[in-house]
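Coordinate inspection notes
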Amino acid sequence: MNTLQIKPRELKIISVIAATRSIGDAAALLGMAQANVSKYLSDFEMRVGLKVFERTTRQLALTQFGEALLPYINASLDKNSQLINFIADYKHEKRGRVTLYAPTGIVTYLARHVIHQIEDIGDIRLCLKTYNLERNEYAEGVSFPDDCDILITYAQPKDENLVASVLTKYSVTAFASPEYISKHPIKSPDDLINHSCILIDSMIVDDANIWRFRVHGSEDVRDYKVMGNYICDNTQTALELARNHLGIVFAPKESLKKEIILGTLMPCFSHQEEWWLDLTAIFRKREYQPWRVQYVLDGVLNSLRQQIEQATDRRPALDR
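Please read these numbers as outputs of a predicted model, since none were measured by experiment.

For the chain, the count of helices and strands is 10 helices and 13 strands. Computed over its C-alpha atoms, the radius of gyration of the chain comes to 32 Å, more than 25% above the 20 Å expected for a compact globule of 320 residues. Taken along its principal axes, the extent of the C-alpha atoms in the chain is 105 × 45 × 35 Å. Within the chain, buried positions represent 43% of all 320 residues.

Given below as structure tokens:
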């Protein structure tokens, strides 16, 4: 049994003919040639095997079948119009939920320095969620959560269909409270083996973390195995322990500007021993995104890049 194929354009033509009772008037309203309107109607009636209109000397009149068919045609056209409007709204209206994931420190930085700079947010509901990397994701690539629209992290995505835009090299180094350093002096990363370091659970290998530092005065990078009494699942908790003088924490320098100024935490080393991570924004291709996601994405990325550029301009030449 052959399935009847009905084209939306045919339904629109029949609806307009029914409203005007004239093929000529329908053609004028539709911006089509009269012969093409007649052909669409004839082809439809032939495939269906029933007449929709009876032709009188002066105008067209709906047949009994046409009278019964017309409400279904108009309902179908209305549903189609609703679908088109929904797609247009979804793509172009500043309304709905946008979900942004990032590691704890980055989420805090966004909340403190970035989100308030996104102007005219309209009816967008911006949801900030924490996504701390698992140890294997640094090397194997990060997973993109199902409900995620934007992921800002330190690794490339597993899914090669996603867009990955590297924003900057992100500086991470060792910090402790002045009180801790006063009691437990430290000169270089080689001394870390003798100190209590606050560990991050996702980075634990054999009950230790591996902290990476660039050797002072060169581009060489070395790994250091560190141990400690405290293990946290996020950087913010680790920082709280460090503020209470319980050990050394490995954290992003950009996120600790306030603590450094206030003197609650300070870098452990006088030289620029750091680990540079790629801070990367991951998102779906723009043609697959609703406009609200593009709006938030552009706002976040523009603000971050502006702040990164300003920080780079202020950074001493030796530190670049």
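Here the focus is the packing of helix α2 (residues 23–30) against helix α3 (residues 34–48). It is the contact of α2 with α3, at a shortest axis distance of 8 Å, that shows an interaxial angle of 110°. As judged from the angle between their axes, α2 and α3 are roughly perpendicular. Packed against α2, whose contacting residues are I23, G24 and A27, the element α3 presents Q34, V37, S38 and L41 at the interface. Taken together, the residues of the contact of α2 with α3 sort by class into 4 nonpolar, 3 polar and no charged.

In this model, α3 (15 residues) spans 21 Å end to end at C-alpha, consistent with the 21 Å of a helix rising 1.5 Å per residue. Looking at α3, one finds that the buried residues are V37, L41, F44 and E45. Axial view of α3: buried residues confined to an arc of 95°, hence all on one face. Pointing more than 90 degrees away from the buried face of α3 are the exposed residues A35, K39 and M46.

Another point: the environment of Y154. Along the chain, Y154 turns up in the loop between β5 (150–153) and β6 (163–176). When its relative accessible area of 14% is taken as the criterion, Y154 is described as buried. Between the C-alpha atom of Y154 and that of L256, which follows or precedes it by 102 residues, the distance is 18 Å. Residues contacting Y154, with those up to four places away along its chain left out, are P103, I106, L133, Y138, Y170, P252, L277, D278 and L279.

Positive phi, normally seen in glycine, also occurs at D206, with a value near 55°. Checked against the element boundaries, D206 lands in the loop between β7 (199–200) and β8 (209–214). Phi is positive for H245, which is not a glycine, with a value near 70°. Within the secondary structure, H245 is located in the loop between α8 (235–243) and β11 (249–252).

We now examine a nonpolar patch on the surface. A cluster of nonpolar side chains, contributed by L83, F86 and I87, occupies part of the molecular surface with about 290 Å² of accessible area. Tracing the chain through its elements places L83 in helix α4 (residues 64–92).

Bringing the pairing of β6 into the picture now. Judged by how many residues are buried, β6 sits mostly within the fold: 10 of 14 residues are covered. Sheet analysis places β6 next to strand β13 (residues 275–283), joined by 9 bridges and oriented antiparallel. Residue pairing across strands places S171 opposite W276, the latter belonging to β13. The pairing of β6 with β11 spans 4 bridges and is antiparallel. Across the sheet, residue T173 finds its bridge partner in β11, namely A251. One ladder, built from 2 bridges, connects β6 with strand β12 (residues 266–267); its direction is antiparallel.

All of the buried residues in α8 are T235, A238, L239, L241 and A242. The arc that holds the buried residues of α8, viewed along the axis, is 160°, so those residues lie on one side. For α8, the elements touching its buried residues are α5 (104–114), β7, β10 (231–232) and β11. Where α8 begins, the side chain of N234 points an oxygen toward the backbone nitrogen of Q236, at a separation of 3.1 Å. Phi turns positive, to about 70°, at H245, one or two residues after α8.

The N-to-C vectors of helix α1 (residues 8–20) and α3 enclose an angle of 110°; their axes lie 10 Å apart at closest approach. Our classification of the angle between α1 and α3 gives roughly perpendicular. Across from R9, E10, L11, I13, I14 and I17 in α1, the residues of α3 making contact are V37, Y40, L41, F44 and R47.

Reading guide: rules and limits
Residues numbered from 1 in each chain as written. Predicted model: local features only at pLDDT ≥ 70, side-chain atom pairs only at ≥ 80, totals over all residues. Heavy atoms only, no water. Helix = DSSP H or I, 4+ residues; strand = E, 2+ residues; numbered from the N terminus. Rg over C-alpha atoms; globule rule 2.2 N^0.38 Å. Buried < 20%, exposed > 50% of the residue type's maximum accessible area, 1.4 Å probe, protein only. Axes fitted to C-alpha atoms, helices over the stretch in contact; angles between N-to-C directions. Parallel < 35°, antiparallel > 145°, perpendicular 65-115°, else oblique. Contact = heavy atoms within 4.5 Å. Nonpolar A, V, L, I, M, F, W, Y, C, P; charged D, E, K, R; others polar. Expected span 1.5 Å × (residues − 1). Arc of directions from axis to C-beta. Patch = residues over 30% accessible without salt bridge, like charges linked within 9 Å, V, L, I, M, F, W, Y side chains within 5 Å. Areas by Shrake-Rupley, 256 points an atom, 1.4 Å probe, with all protein chains shown as cover. Salt bridge = Lys/Arg side-chain N within 4 Å of Asp/Glu carboxyl O. Pairing = 2+ DSSP bridges. Polar contact = N/O pair within 3.5 Å; in protein donor to acceptor, adjacent residues only side chain to side chain.

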